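Topology and contacts: notes
Chain residues, written in single-letter form:
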Amino acid sequence: MEPAFHRGDILFLHMGYAPFRAGDIVVFKVADREIPIVHRVIKVHEKETGEVDLLTKGDNNAVDDRGLYAGELPFFRRSVNARE
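Below is a short write-up of the structure. (Residues numbered from 1 in each chain as written. Predicted model: local features only at pLDDT ≥ 70, side-chain atom pairs only at ≥ 80, totals over all residues. Heavy atoms only, no water.)

Concerning the pairing of strand 2 (residues 37–46)
In this sheet, strand 2 lies alongside strand 1 (residues 25–28) in antiparallel orientation, the contact comprising four bridges. Looking at strand 2, one finds that Phe 28 is bridged to Ile 37. Counting the residues between successive antiparallel strands, the hairpin from strand 2 to strand 3 (residues 52–57) contains five residues, one of them, Gly 50, with a positive phi of roughly 95°. (Pairing = 2+ DSSP bridges. Helix = DSSP H or I, 4+ residues; strand = E, 2+ residues; numbered from the N terminus.)

See the structure below:
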């Protein structure tokens, strides 16, 4: 998430109750990775059921995170651990 955050920074995050929006910063885990990922939401897709899928991207990355969560394209449904 550089330049907004740097490795080793301490982040104080919470879940809150507001709907997710593009620009929100979220923390999530990806299978087979021990360290949680902190990235920004770039697209929110709300289904008719009310379920929400998020597309994320690191600020310093050239491409979105679809490669991180292959198999759940084009959006990634996951449990977000925290948010800004």
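Topic: the sheet that holds strand 2
What links the strands of a sheet is backbone hydrogen bonding, and the strands pair in either a parallel or an antiparallel sense. Spatial strand order, 3-2-1-4: four strands in an open sheet with antiparallel pairing. For this open sheet the edge positions go to strand 3 and strand 4 (80–83), each flanked by a neighbour on one side alone. Strand-to-strand, the axes of this sheet are offset by a mean angle of 50°, without reference to chain direction. Across three bridges, the pairing between strand 1 and strand 4 is antiparallel. What sits directly across from Phe 28, in strand 4, is Val 80. (Axes fitted to C-alpha atoms, helices over the stretch in contact; angles between N-to-C directions.)

Quick word on the pattern of salt bridges
A full pass over the atoms with the stated rule returns five salt bridges. Two residues, Lys 47 and Glu 51, come together in a salt bridge whose shortest N-O distance is 3.7 Å. Residues joined in a network through salt bridges with shared partners are Lys 47, Glu 51 and Asp 53. (Salt bridge = Lys/Arg side-chain N within 4 Å of Asp/Glu carboxyl O.)

A word on the environment of Ala 22
Within the fold, Ala 22 resides in the segment before strand 1. As a C-alpha pair, Ala 22 and Ile 42 span 20 residues in sequence and 4.7 Å in three-dimensional space. Beyond its immediate chain neighbours, meaning those up to four positions away, Ala 22 contacts Val 41, Ile 42 and Val 44. (Contact = heavy atoms within 4.5 Å.)

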